[in-house]
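Here is how the chains run, residue by residue.
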Protein chains: 2
Amino acid sequence: MAKDKLIGVDLGGTTIKFAILTSEGEIQQKWSIRTNILDEGSHIVPDIIDSINHHLDLFQLSRERVIGIGMGTPGTIDFENGTVRSAYNLNWSGEQAVRAQLEAGTGFPVTLDNDANCAALGEQWRGAGDNEPNVDFITLGTGVGGGLVLDGKLVHGAAGSAGEIGHVIVEPDGYQCTCGNKGCLEQYASATGVVHLAQDLAEAYVGSARLKEMIDNGDEVTSKIVFDLAKEGDFLANEVVDKVGHYLGLACANLANTLNPTKIIIGGGVSAAGSFLLDRIDANFQKFAFKPTRDVTELRLAELGNDAGAYGAASIALQSNRTIA
Amino acid sequence: MAKDKLIGVDLGGTTIKFAILTSEGEIQQKWSIRTNILDEGSHIVPDIIDSINHHLDLFQLSRERVIGIGMGTPGTIDFENGTVRSAYNLNWSGEQAVRAQLEAGTGFPVTLDNDANCAALGEQWRGAGDNEPNVDFITLGTGVGGGLVLDGKLVHGAAGSAGEIGHVIVEPDGYQCTCGNKGCLEQYASATGVVHLAQDLAEAYVGSARLKEMIDNGDEVTSKIVFDLAKEGDFLANEVVDKVGHYLGLACANLANTLNPTKIIIGGGVSAAGSFLLDRIDANFQKFAFKPTRDVTELRLAELGNDAGAYGAASIALQSNRTIA
């Protein structure tokens, strides 16, 4: 029987998402389970194994048709040994032999990559990247992550930390970052970064603006509130969005000058602000990007939402040459 | 007879350098000829053909032992068609069928890449890169160029302009660049950029310093003079070198955060300032680089000098699968 199915798994701190896809990248089934991080996360891998085995039976899918499993995971991956460490939001302590356990429990070859990389590859393959070979991805959420696809493959670099766009310096000696450095993109373009900028600009602002009132009043301000107020025309909120657009446009331009992609895709919760944010990023990108780069690189919003990781995980399973005895 | 020789050619605006190497990358013979840019550069390719054929006879090297020719060239390369355009310093007008002519004239498969990329690959393979797979290269000369080696291969991006590190923005709204943008690295770290910084800092400087005297006196100041004065302890010249180190350290850190190389190699004429400059770059690199990156990336000076291009050209010939009928 021809192998023509892929299993993509997106392991997150609260939910584990699963999808069964054709080798062309069409999702045929998807489901999710809650991530049980109790007992040092020791239930996570067994739960994934059970869920896959159960659903293959449920869907009456012949196991012989499965090419393999790809999984996106938090933490740092040892690609050679298939182990994961430093996945703090999974409560794992020490190195976890994730690949070996998953292969033993399912009988399928397993390929791992980190979650931001999987989302990048998913968007490149089946989302806003239109399956073009050179696509970069930036995700704006609680933090800022990234993934780089070059000639159709993920870039890992020497120690797997390539694509750490959130820690590119956009403001030397700027805001203190949790990584220990100052002025990282993450401090200006993540959900908390946007709020930090709003607080700083509000303090210096003397006019009247709803955003300033809220901050002075001690109301809870989120990045969504900042963008909503900006869309309603609030002057101060627009100043904040301009700043966010400046930093993201600068980072995108320097990324494009370095890697010459055809598309840079912006995803994650903050990107829900949509074209209102993207247009500001693009205006700054046009200003900062080298002309030969500017001519070929388009900025786009992510299209796959929560499914990006599962698509990308399936894609790494497809690209992998891994077999098991 | 086993094929075990490579021919590397480094085509420049004033000199064409040639080398015959073993497939392990040992140079066995090297020579050079003057670049004749007369008559719209129409003599260049025939001169290269004649010189290769002549030297193979001279060295009595069997043509059957030659794997192929690699050549680094200025201009923009169409990798599919093997043509070159916009090589202004060669006086070429329009698109030149360089690969087809070289292959017809020598009988060997020919692979082209741009000159900065060849220098990068040469340093990665046989120079300061110690043949590690993930190495980035920045060359500081009249301009600032770059080349990126990832998993042992050059990165070209979608339109061949990947690695344009000279046009990464290091000072938003900074010095006007010839590319049309403002604040490109090239304007702060090229030979002319260093002098520009010296002039600006001299103007604002009120103390006494030999560098300031020279500039106020209208003496010709070069980047070499700036570095020499700095080494002698001239206060102003050291301020200039600090600035150059800041911008290069920032650019190297952002490059490392993006690509996670094990080495970033600094070459070109300005790098003749040696460890005096490298140490300043590194101090800023340590400040700006993301920790997981900092832990694996070492900054080094280029080691191959003028031979880097020929080594790299030979390397692309070795990597190429190109054959000719």
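Note that the structure is predicted; figures quoted are calculated from it, not measured.

(A) Looking closely at the side chain of asparagine 284 of chain B. Residue and element names in this part refer to chain B. Within the secondary structure, asparagine 284 is located in helix 10 (residues 275-288). Of note is the side chain of asparagine 284, whose polar atom sits 3.4 Å from the backbone oxygen of glycine 245. Apart from residues lying up to four places away in sequence, asparagine 284 is in contact with Asp242, Gly245, His246 and Gly249.

(B) Representation of the interface of chain B and chain A within the structure. Each side of the interface is counted separately: chain B has 39 residues, and chain A has 39 residues. Both sides together, the interface formed by chain B and chain A hides about 3000 Å², and carbon and sulfur atoms give 59% of it. A per-residue breakdown of the area chain B buries against chain A is headed by Thr258, Asn260 and Phe290 of chain B, which together make up 19% of the total. Taken together, chain B and chain A are joined by two salt bridges. Here lysine 287 of chain A and aspartate 173 of chain B are joined by a salt bridge, their closest N and O atoms 3.0 Å apart. Applying the counting criterion to the chain B and chain A interface returns 24 residue pairs in polar contact (both at pLDDT 80 or more). Taken together, the elements giving at least two residues each to the side of chain B that touches chain A come down to strand 9 (144-150), helix 9 (235-259), helix 10 and helix 11 (291-294) of chain B. With seven residues, the top contributor of residues to the side of chain B that touches chain A is helix 9 of chain B. Class assignment for the residues of the side of chain B that touches chain A results in 20 nonpolar, 15 polar and four charged.

(C) Quick peek at the environment of threonine 297 of chain A. Residue and element names in this part refer to chain A. Here threonine 297 shows up in the loop between helix 11 (291-294) and strand 12 (298-301). Contact partners of threonine 297, with chain neighbours within four places excluded, come to Ala256, Pro261, Thr262, Lys263, Ile264 and Phe285. At 2.7 Å, the side chain of threonine 297 forms a polar contact with the backbone oxygen of proline 261.

(D) Seen up close, the sheet that holds strand 4 (residues 66-73) of chain A. Residue and element names in this part refer to chain A. Reading across the sheet, the five strands line up as 3-2-1-4-7 and stay open at both edges, with mixed pairing between neighbours. A single partner strand is all that each edge strand has here, and the edge strands are strand 3 (27-34) and strand 7 (110-114). Strand-to-strand twist of the sheet, defined as the mean angle between neighbouring strand axes without regard to direction, takes the value 15 degrees. Across seven bridges, the pairing between strand 2 (residues 15-22) and strand 3 is antiparallel. Bridge pairing links leucine 21 to isoleucine 27 in strand 3. Contacts from helix 4 (residues 115-126) reach strand 1 (5-11), strand 4 and strand 7, with the element oriented near 100 degrees to strand 7.

(E) The arrangement of the relation of the copies chain B and chain A in detail. With an RMSD of 0.0 Å, the fit of chain B onto chain A corresponds to turning through 180 degrees and sliding 0.0 Å along the axis. The two molecules are tied by a two-fold rotation axis, judged by turn and shift.

(F) Representation of the sheet that holds strand 8 (residues 135-140) of chain B. Residues and elements named next belong to chain B. Spatially, five strands are ordered 10-9-8-11-12 in an open sheet, and the strand pairing comes out mixed. Edge positions in the open sheet fall to strand 10 (153-154) and strand 12 (298-301), since each of these has one partner strand only. Relative to strand 12, strand 11 (residues 263-267) runs parallel, the two sharing four bridges. What sits directly across from isoleucine 265, in strand 12, is arginine 300. Helix 9 rests against strand 8, strand 9 and strand 11 of the sheet, and its axis sits at about 155 degrees to strand 8.

(G) Spotlight on the domain arrangement of chain A. Residues and elements named next belong to chain A. In terms of domain boundaries, chain A breaks down into domain 1 (5-121 + 307-319) and domain 2 (132-302). If you average the C-alpha positions of domain 1 and of domain 2, the two centres end up 29 Å apart. At the junction of the two partners, domain 1 supplies nine residues and domain 2 supplies ten residues. Here domain 1 packs against domain 2, burying approximately 830 Å² in sum over the two surfaces, 64% of which is carbon and sulfur. In terms of surface lost to domain 2, no three residues of domain 1 exceed Asn117, Ala120 and Gln319, which account for 48% of the buried area on that side. Taken together, the links from domain 1 to domain 2 amount to zero salt bridges. At the junction of domain 1 and domain 2, the tally comes to two residue pairs in polar contact (both at pLDDT 80 or more). Breaking the side of domain 1 that touches domain 2 down by element, the ones donating at least two residues are helix 4 and helix 12 (308-319). Among the elements that make up the side of domain 1 that touches domain 2, the one with the highest residue count is helix 4 (five residues). Within the side of domain 1 that touches domain 2, the residues separate by chemical class into six nonpolar, two polar and one charged.

(H) View of unusual backbone geometry. Unusually for a residue other than glycine, aspartate 39 of chain A sits at a positive phi of about 55 degrees. The topology assignment puts aspartate 39 of chain A in helix 1 (residues 38-41). Unlike most non-glycine residues, asparagine 91 of chain B shows phi in positive territory, near 70 degrees. Assignment of secondary structure puts asparagine 91 of chain B in the loop between strand 6 (83-85) and helix 3 (98-106). On the basis of relative accessibility, which here comes to 38%, the residue asparagine 91 of chain B falls in the partly exposed class.

(I) Summary view of the packing of aromatic side chains. Residues and elements named next belong to chain A. Per the stated rule, a full pass over the model turns up ten aromatic pairs over all chains. Seen in terms of ring centroids, tyrosine 188 and tyrosine 247 are 4.3 Å apart; in terms of plane orientation they differ by 35 degrees. Their pairing is tilted. Here tyrosine 188, found in helix 5 (residues 186-189), pairs with tyrosine 247, found in helix 9 (residues 235-259); they are 59 residues apart in sequence, far enough to count as distant. Residue tyrosine 188 shares its accessibility class with tyrosine 247, and that shared class is buried. Following the ring pairs from residue to residue traces out a cluster consisting of Phe18, Trp31 and Phe59. One residue, arginine 280, lies across the ring of phenylalanine 276, its end atom 4.7 Å from the ring centre.

Rules used in this analysis
- Residues numbered from 1 in each chain as written.
- Chains lettered and ligands numbered in written order.
- Predicted model: local features only at pLDDT ≥ 70, side-chain atom pairs only at ≥ 80, totals over all residues.
- Heavy atoms only, no water.
- Helix = DSSP H or I, 4+ residues; strand = E, 2+ residues; numbered from the N terminus.
- Polar contact = N/O pair within 3.5 Å; in protein donor to acceptor, adjacent residues only side chain to side chain.
- Contact = heavy atoms within 4.5 Å.
- Buried area = accessible area lost by both parts, 1.4 Å probe.
- Salt bridge = Lys/Arg side-chain N within 4 Å of Asp/Glu carboxyl O.
- Nonpolar A, V, L, I, M, F, W, Y, C, P; charged D, E, K, R; others polar.
- Pairing = 2+ DSSP bridges.
- Axes fitted to C-alpha atoms, helices over the stretch in contact; angles between N-to-C directions.
- Least-squares fit on C-alpha atoms with pLDDT ≥ 70 in both.
- Domains from an automatic or database assignment.
- Buried < 20%, exposed > 50% of the residue type's maximum accessible area, 1.4 Å probe, protein only.
- Phe/Tyr/Trp six-rings, centres within 6.5 Å; stacked < 30°, edge-to-face > 60°.
- Lys NZ or Arg CZ within 6 Å of the ring centre and 35° of its normal.

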